[in-house]
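Given next are the chains, with one letter for each unit.
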Amino acid sequence: GYALGSRMEQQAVQFGAQITVGEAVGVSLEGKVKTVEIADGTLLKARTVIVAPGASPRELGLPKEAEFRGRGVSYCATCDGAFFKGKTTAVAGGGDVALEDALFLARLCKKVYLIHRRDEFRGAKVLQERVKTSENIEILWDTVIEQIQGEDQVESLSLYNKKTEEKQELSVNGVFIAVGILPNTEMYRGVVDLDEAGYVIAGEDGVTSCAGIFAAGDL
């Protein structure tokens, strides 16, 4: 993926593209000439803008979640799963991504706990069956994570069962959070039409509701 991206960048430069590295902090997209403001104060003007800021993992919003990111808290099993080979991990979620993450980790980890706040999964039936028949995946139904515990890295989770009202401490080396994604579209709210979930409404051609603005990727 990285090699392909580099070759695409080189090709764009060969055709005259100028690459500016920086964070876009503001946009003025009305009118024929659009303006994108970079964090260093640079203003880029163009008749056409392609917005492709992607989407970010939805967080649980727990006190130590951000602190332990990269130290036991992850949002991508295929990215970070190898760090937990032979260890005990947990996955939070109940959709396709959570089920796929649990199955992926089960091939690497000694034990995988799949923590879901409801009593049934939302993911595909075929994934559900594979999870339920996996020997080293244990499903914790009706359960939510209340705290992530540890000193320098994740050591345990404080869990709460919504049906039985029981609390328990679960020793794990890592937790993978798969409870959905949020599109990075706040900067474009009110400029282009968004759906109820915040995604840009655009066709396969990338055309948005604002002339000269195109959308691409996960947003």
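Everything here concerns the structure above.
Conventions and cut-offs
- Residues numbered from 1 in each chain as written.
- Predicted model: local features only at pLDDT ≥ 70, side-chain atom pairs only at ≥ 80, totals over all residues.
- Heavy atoms only, no water.
- Salt bridge = Lys/Arg side-chain N within 4 Å of Asp/Glu carboxyl O.
- Helix = DSSP H or I, 4+ residues; strand = E, 2+ residues; numbered from the N terminus.
- Buried < 20%, exposed > 50% of the residue type's maximum accessible area, 1.4 Å probe, protein only.
- Pairing = 2+ DSSP bridges.
- Axes fitted to C-alpha atoms, helices over the stretch in contact; angles between N-to-C directions.
- Polar contact = N/O pair within 3.5 Å; in protein donor to acceptor, adjacent residues only side chain to side chain.
- Contact = heavy atoms within 4.5 Å.
- Patch = residues over 30% accessible without salt bridge, like charges linked within 9 Å, V, L, I, M, F, W, Y side chains within 5 Å.
- Areas by Shrake-Rupley, 256 points an atom, 1.4 Å probe, with all protein chains shown as cover.

Observations concerning the pattern of salt bridges
- Summed over the entire model, instances satisfying the criterion amount to six salt bridges.
- The shortest N-O distance in the salt bridge between Lys-163 and Asp-142 comes to 3.9 Å. Of the two residues, Lys-163 is situated in the loop between β11 (154-161) and β12 (167-171) and Asp-142 in the loop between β9 (137-140) and β10 (143-150); the sequence distance between them amounts to 21 residues.

Describing unusual backbone geometry
- The backbone phi angle of Asp-142 is positive, close to 55 degrees, even though this residue is not glycine.
- Since its relative accessible area comes to 11%, Asp-142 is described here as buried.
- Positioned with a positive phi, Glu-165 is a non-glycine residue whose angle comes to about 65 degrees.
- Its place among the elements puts Glu-165 in the loop between β11 and β12.
- Assessed through its relative accessible area of 57%, Glu-165 is described here as exposed.

Comments concerning the sheet that holds strand β1 (residues 24-28)
- Pairing is antiparallel in the open sheet, where three strands are placed in the order β1-β2-β3. Every other strand in the sheet has two partners, leaving β1 and β3 (43-46) as the edge strands with one partner each. Here the average twist between neighbouring strands, direction ignored, is 20 degrees.
- Bridge count for β1 against strand β2 (residues 34-38) is four bridges, and the pairing is antiparallel. Each bridged residue has a counterpart across the sheet, and for Val-27 the counterpart in β2 is Val-36.

Here we look at the pairing of β2
- Across the five residues of β2, four count as buried, placing the element largely inside the fold.
- Counting the residues in the hairpin turn of β1 and β2 gives five residues, including Gly-31, whose phi is positive at 85 degrees.
- Where β2 lies against β3, four bridges are found, and the strand directions are antiparallel. Directly across from Val-36, in β3, lies its bridge partner Leu-44.

What about the side chain of Ser-158?
- Examined against the element boundaries, Ser-158 turns out to sit in strand β11.
- By relative accessible area, which is 9% here, Ser-158 ends up buried.
- At 3.0 Å, the side chain of Ser-158 forms a polar contact with the side chain of Gln-149.
- Those residues within four positions of Ser-158 in sequence are excluded, and the remaining contacts are Val-144, Ile-145, Glu-146, Gln-147, Gln-149, Gln-168 and Glu-169.

A closer look at a nonpolar patch on the surface
- Residues Val-13, Ile-19 and Val-21 make up a contiguous nonpolar surface patch of about 300 Å² in total accessible area.
- The residue Val-13 is located in helix α1 (residues 2-14) in this model.

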